[in-house]
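Each chain, letter by letter, is given below.
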Amino acid sequence: MEGGTWKGAAAPMADSGDEADEADVTRGDRFIKTAVAILGETGRTDFTVQEVVARSKTSLRAFYQHFSSKDELLLALFDRTIAQSAKVWRAETTGLDSTAALKLVIDRISEQPESSTQDSLNRALTLYNQHLAETRPRDYARILTPLHQLIRDIVSQGITEGVFDPGLDFGAAAAIVMQTVMGAQRLHWLGAELNGTPVDAGQLFEFCSRALGVRDSAEEAATPSLAELFGQIGMRPGRRAGEFAMTMPVSPQVVNTSGALQGGLIATLVDVAAGQFGLEYLQPGTTMTTADLFVRYLRPIRQGSAFAVPRMLRSGRRAMVMQVDVYGDRDGDGELLATATVNFAIIDGPTPTAGLRANS
């Protein structure tokens, strides 16, 4: 993370030479600015407090009023650098989709220095980054929080957009992405490339995005829709005793540990049956969403198929209430296996013109 981060926040402080700017900054800012200048010149963090004091034209007393040690000074510099960079990058990613936002952040972190001064600054802060992680891990984690939160929000957005794997723990995923990019950049700045060729931002983006679940266009085409997922478990529209029903066969893929049709899938079957049945009752310019669903399970469904038969109890301007009875087909005797009540809220929106029922 050393390239773009240090360039985005610390370098402007080092480049400022305006006397008016000097008067505007606090003594603490002046010490930080002096440290940046020293790092940019030497690329090393082994300078002394006395050197900082002499170059900032202040006193030791003034220094220790702001910082208890040189480490505290560098910690404040690192903290400010991360916070300012994350703030700028968050503004730049506003309005972008998740993959574009992720690429922008990786590009910014991976930017190469434009001058030897910037390169020296990056190297010095890279070394201090490692020192901080080893000696003050809690402070290190706190300082990295703005960057971690930015990446975490991007991962969360990607899951919401349906681009990243919904099974991800996005906090952990963000930490892994952040440390992966930081580690690759650390190898670059320390000159320890393992394969003789620098890892570039494009490779990092490809690796991280695929780890998060992004697939190429051919793979995306194979990702099933909700209707296709229903089809894979055999859920489809049908009829029972002349009435509309949604049906699902009992198979090894949909049974629980006792060998019966899993209860959550029965609830899904009920919800889909009621939703499909309710489409015909909608007025133009309205749509519907499940408000609540109550299922009473009467008997396990262990073989054959389950049939969910909906019946309208009340259809109003803002709500629908249905009863859905679930039957089996093993004996053909009409035995009731579950019964449910489903309430739908009717809201403004595009009216569905097709559904599973329309395709039967």
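Not measured: the values here are computed from a predicted model. Starting from 1, residues in each chain are numbered consecutively following that chain's sequence as written. For this predicted model, a pLDDT threshold of at least 70 governs which residues receive local features, and a threshold of 80 or more governs which side-chain atom pairs are given and counted, while totals over whole chains, interfaces and linings are taken from all residues. Hydrogens and waters are ignored; side-chain quantities use all the structure's heavy atoms.

1. A word on helix H11 (residues 201–211)
Here's how the labels work: a residue is buried when its accessible area is under 20% of the maximum for its type, exposed when over 50%, partly exposed in between, all with a 1.4 Å probe on protein chains only. Working definition: helices are DSSP H or I runs of at least four residues, strands are E runs of at least two. Numbering for both runs from the N terminus. Inspection of H11 places Ala-201, Leu-204, Phe-205, Cys-208 and Ser-209 among the buried residues, and these make up the whole buried set. Viewed end-on, H11 has its buried residues packed into an arc of 115°, placing them on one side of the element. Among the exposed residues of H11, those oriented more than 90 degrees off its buried face are Phe-207 and Ala-211. Gly-213 sits one or two positions beyond H11 and adopts a positive phi of about 115°. Within this analysis, the arc is defined by the directions that extend from the helix axis to the C-beta atoms.

2. Describing the packing of aromatic side chains
Only Phe, Tyr and Trp rings are paired, with Trp represented by its six-membered ring, and only when their centres lie within 6.5 Å; those with planes under 30 degrees apart are stacked, over 60 edge-to-face, the remainder tilted. Here the structure, examined in full by the defined rule, presents six aromatic pairs. With a centroid separation of 6.4 Å and 75° between ring planes, the pair formed by Phe-31 and Phe-67 is classed as edge-to-face. In this pair, Phe-31 is assigned in helix H3 (residues 27–42) and Phe-67 in the loop between helix H5 (60–66) and helix H6 (70–93), connecting sequence segments 36 residues apart. For the residue pair Phe-31 and Phe-67, the accessibility class agrees, reading buried in each case.

3. Describing the packing of H3 against H6
Convention adopted: a line fitted to C-alpha atoms gives each axis, helices being fitted over their contacting stretch, and angles between N-to-C directions are expressed from 0 to 180 degrees. The contact between H3 and H6 brings their axes to 10 Å, and the two run at 90°. Overall, the two elements H3 and H6 adopt an arrangement that is roughly perpendicular. In this structure, H3 uses Asp-29, Phe-31, Ile-32, Ala-35, Val-36 and Leu-39 to contact H6, whose residues at the interface are Leu-73, Leu-74, Ala-76, Leu-77 and Arg-80. Here the contact of H3 with H6 is composed, by residue class, of nine nonpolar, no polar and two charged. Each angle is binned into one of four classes, with values under 35 degrees roughly parallel, values over 145 roughly antiparallel, values of 65 to 115 roughly perpendicular, and all other values oblique. Only heavy atoms enter the contact rule, under which two residues are in contact if any of them lie within 4.5 Å. In this classification, the charged set is Asp, Glu, Lys and Arg, the nonpolar set is Ala, Val, Leu, Ile, Met, Phe, Trp, Tyr, Cys and Pro, and all remaining amino acids, among them Gly, are polar.

4. Concerning the pattern of salt bridges
Criterion for a salt bridge: a side-chain nitrogen of Lys or Arg within 4 Å of a carboxyl oxygen of Asp or Glu. Counted according to the given criterion, the structure contains 13 salt bridges. The partner of Asp-29 in a salt bridge is Arg-80, and the shortest N-O contact between them spans 2.4 Å. A residue pair is termed long-range when its members are at least 10 positions apart, and Asp-29 in helix H3 and Arg-80 in helix H6 qualify at 51 residues. Here Glu-111 and Arg-108 are joined by a salt bridge, their closest N and O atoms 3.8 Å apart. Given a relative accessible area of 24%, Arg-108 falls into the partly exposed group.

5. Structural notes on the confidence of the model for the protein chain
For the protein chain, the mean per-residue pLDDT works out to 84, and 85% of the residues sit at or above 70. Across residues 1–24, confidence stays below pLDDT 50; counting only partners more than four residues off in sequence or on other chains, it has 67 contacts. The pLDDT score gives, residue by residue, the confidence of the prediction method on a 0 to 100 scale.

6. As for the side chain of Thr-34
In this structure, Thr-34 sits in helix H3. The buried category is assigned to Thr-34, whose relative accessible area is 9%.

7. A short note on the environment of Arg-299
Structurally, the position occupied by Arg-299 is in the loop between strand E3 (286–297) and strand E4 (305–315). Among the residues examined, Arg-299 registers a relative accessible area of 43% and is labelled partly exposed. Sequence-wise, Arg-299 and Gly-328 are 29 residues apart; in three dimensions their C-alpha atoms are separated by 9.9 Å. Ignoring anything within four residues of it in the chain, the contact list for Arg-299 reads Glu-335, Leu-336 and Leu-337.

8. Observations regarding the packing of helix H7 (residues 98–110) against H11
To describe two helices that pack against each other, one gives the angle between their axes and the distance between the axes. Across the interface, H7 lies against H11 with an axial gap of 9 Å and an inter-helix angle of 140°. When the axis of H7 is compared with that of H11, the two are oblique. Of the two elements, H7 crosses H11, and the hand of that crossing is right-handed. Within the contact between the two elements, H7 uses Thr-99, Leu-102, Lys-103, Ile-106, Asp-107 and Ser-110 and H11 uses Ala-201, Leu-204, Phe-205, Cys-208 and Ser-209. Crossing handedness follows the turn of the near helix against the far one: under a right angle anticlockwise gives a left-handed crossing, and clockwise gives a right-handed one.

9. Structural notes on the pairing of strand E6 (residues 336–348)
Two elements, E3 and E6, share 11 bridges in a ladder whose sense is antiparallel. For Tyr-297, the partnering residue across the bridge sits in E6 and is Ala-338. For two strands to be treated as a pair, DSSP must find at least two bridges joining them. Sheet analysis places strand E5 (residues 319–328) next to E6, joined by nine bridges and oriented antiparallel. Residue pairing across strands places Met-322 opposite Val-342, the latter belonging to E6.

10. Remarks on helix H14 (residues 263–278)
Compared with an ideal rise of 1.5 Å per residue, which puts 16 residues at 22 Å, H14 spans 23 Å between its outermost C-alpha atoms and is within 8% of the ideal. Of all the residues in H14, the buried ones are Ile-266, Ala-267, Leu-269, Val-270, Val-272, Ala-273, Ala-274, Gly-275, Gln-276, Phe-277 and Gly-278. Elements that come into contact with the buried residues of H14 comprise helix H13 (226–232), strand E2 (243–249), E3, E4, E5 and E6. Each polar contact in these results corresponds to two N or O atoms within 3.5 Å; when the atoms are within protein, one needs to be able to donate a hydrogen and the other to accept it, and residues that are neighboring in sequence are counted only if both atoms are side-chain atoms. The distance from a side-chain oxygen at the start of H14 to the backbone nitrogen of Gly-264 is 2.8 Å, and the residue carrying that oxygen is Gln-262. Expected helix span is computed as 1.5 Å times (number of residues minus one).

11. Considering the sheet that holds E6
Reading across from one edge, E1-E2-E4-E5-E6-E3 is the order of the six strands in this open sheet, with antiparallel pairing throughout. One side of each edge strand has no neighbouring strand; the edge strands of this open sheet are strand E1 (236–240) and E3. Strand-to-strand twist in this sheet, taken as the mean axis angle between neighbours without regard to direction, amounts to 35°. Across the sheet, H14 lies against E2, E3, E4, E5 and E6, angled at about 140° from E3, the strand it touches most.

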